[in-house]
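Okay, here's what each chain looks like letter by letter:
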Amino acid sequence: IQNPGGNAMLIGVGGSGKQSLCRLAAFIGDFEVRQISVTSSYSVEDLKEELRSVYVAAGVRGNPIVFLMTDSQIVNEHFLVYINGIITSGWIPDLFPKEDIDNILGSIANEAKSAGVPDTPESRINFFVSKVKKNLHVVLAFSPVGDTFRTRARRFP
């Protein structure tokens, strides 16, 4: 996870230390660990809100973050669409409303300018996404028991 854009998938039966290993690796690498707290009413919108705060922390403030997600936290299979977007491209369409994107681009304007990024919205968004990809690391901790893991692995290679 110390590589820019590095992510991890930990597979083991319950109680084998997947989350502990993730937290130890994050501590060694000086990363902040973020994990969702699933409740009975946790929805896709709640996940998007958490991801917005993670994106701002990683992309605007430049904090190195490990986003840890276990298979029991995936209460809606649509969660994996967002996680897949983070891992593959670093960007999730429709995550931010237009006014939030404008605020983010304004927040990174000076840093982007000093890095030689052209002063266009597309260039700044690409700069923001590159910072997110550098600082945000997804760790999935799954159990191989049952058909759920096999099904998810086929749908989201």
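Predicted, not measured: the structure shown is a model, and the values here were computed from it. (Residues numbered from 1 in each chain as written. Predicted model: local features only at pLDDT ≥ 70, side-chain atom pairs only at ≥ 80, totals over all residues. Heavy atoms only, no water.)

Novice: Where do I start with the overall build of the chain in this structure?
Specialist: Counting secondary structure elements, the chain contains seven helices and four strands. Looking at the chain as shown, the accessible area adds up to about 8500 Å², and 53% of this sits on carbon and sulfur atoms. In the chain, which carries 16 positive and 16 negative side-chain charges, the distance between the mean positions of the two groups comes to 5 Å. (Helix = DSSP H or I, 4+ residues; strand = E, 2+ residues; numbered from the N terminus. Areas by Shrake-Rupley, 256 points an atom, 1.4 Å probe, with all protein chains shown as cover. Lys, Arg positive; Asp, Glu negative; His and termini not counted. Charge placed at Lys NZ, Arg CZ, Asp CG, Glu CD.)

Novice: What am I meant to see in unusual backbone geometry here?
Specialist: Where the residue is not glycine, phi is negative for most of them; where a peptide bond is considered, it is trans in most cases. Positioned with a positive phi, D30 is a non-glycine residue whose angle comes to about 60 degrees. Checked against the element boundaries, D30 lands in the loop between α1 (18–28) and β2 (32–35). Even without a glycine there, the phi angle at D94 is positive, about 65 degrees. By the element assignment, D94 lies in the loop between α3 (79–88) and α4 (98–107). D94 sits in the exposed class, given a relative accessible area of 54%. (Buried < 20%, exposed > 50% of the residue type's maximum accessible area, 1.4 Å probe, protein only.)

Novice: Help me out: how do you make sense of the sheet that holds strand β3 (residues 65–70) in this one?
Specialist: Adjacent strands of a sheet form backbone hydrogen bonds with each other and so pair up, either parallel or antiparallel. Judged by pairing direction, the sheet is parallel, and its four strands sit side by side in the order β1-β4-β3-β2 without closing on themselves. In this open sheet, the two edge strands, each paired with only one partner strand, are β1 (8–11) and β2. For this sheet, the mean angle separating the axes of adjacent strands, direction not counted, is 25 degrees. Examined bridge by bridge, β1 and strand β4 (residues 136–142) share four bridges and lie parallel to one another. (Pairing = 2+ DSSP bridges. Axes fitted to C-alpha atoms, helices over the stretch in contact; angles between N-to-C directions.)

Novice: What's the story with the pattern of salt bridges in this structure? I'm lost.
Specialist: Should their charged atoms come close, side chains of opposite charge can pair. Summed over all chains, the structure comprises eleven salt bridges. Across the pair R34 and E50 runs a salt bridge, and its minimum N-O distance is 3.7 Å. With R34 in strand β2 and E50 in helix α2 (residues 44–59), the pair connects residues that are 16 residues apart, well separated along the chain. With a relative accessible area of 16%, R34 lands in the buried category. On the accessibility criterion, E50 (22% relative accessible area) is partly exposed. With a shortest N-O distance of 3.1 Å, E45 and R52 are connected by a salt bridge. The buried category is assigned to R52, whose relative accessible area is 13%. (Salt bridge = Lys/Arg side-chain N within 4 Å of Asp/Glu carboxyl O.)

Novice: Help me understand the nonpolar core in this model?
Specialist: Nonpolar side chains in soluble globular proteins tend to be buried together. In this structure, L47, Y55, F67, M69 and L136 are the most contacted members of the largest nonpolar core, which totals 34 residues. Broken down by secondary-structure element, the contributors of at least two residues to this core are α2, β3, α3, α4, α6 (121–135) and β4. Considering each element in turn, this core owes the most residues, seven residues, to α2. Residues within four places of M69 in sequence aside, it is in contact with I36, L47, I74, F79, I83, V139, L140, A141 and F142. Counting residues in each nonpolar core, the second largest holds eight residues, with L10, A26, V66 and V139 among its members. (Core = buried A, V, L, I, M, F, W, Y, C linked by side-chain atoms within 4.5 Å. Contact = heavy atoms within 4.5 Å.)

Novice: Sorry, what's going on with empty space enclosed by the protein here?
Specialist: If a probe the size of a water molecule is rolled over the atoms, the empty space left behind becomes visible. This model, assessed by the stated rule, comprises one cavity of 30 Å³ or more. Approximately 40 Å³ is the volume found for the largest cavity. Every residue lining the largest cavity is listed: W91, F96, I101, I104, L105, I125 and F128. Those elements giving two or more residues to the lining of the largest cavity turn out to be α4 and α6. Here the element with the most residues in the lining of the largest cavity is α4; it accounts for three residues. Per-class residue counts for the lining of the largest cavity are seven nonpolar, no polar and no charged. (1 Å grid on protein atoms, 1.4 Å probe; cavity = no way out; pocket = protein on both sides within 12 Å on 5 of 7 lines; lining within 4 Å. Points joined across faces, edges and corners; volume = space filled by probe spheres on them. Nonpolar A, V, L, I, M, F, W, Y, C, P; charged D, E, K, R; others polar.)

Interpretation in functional terms is not warranted from these geometric data alone.
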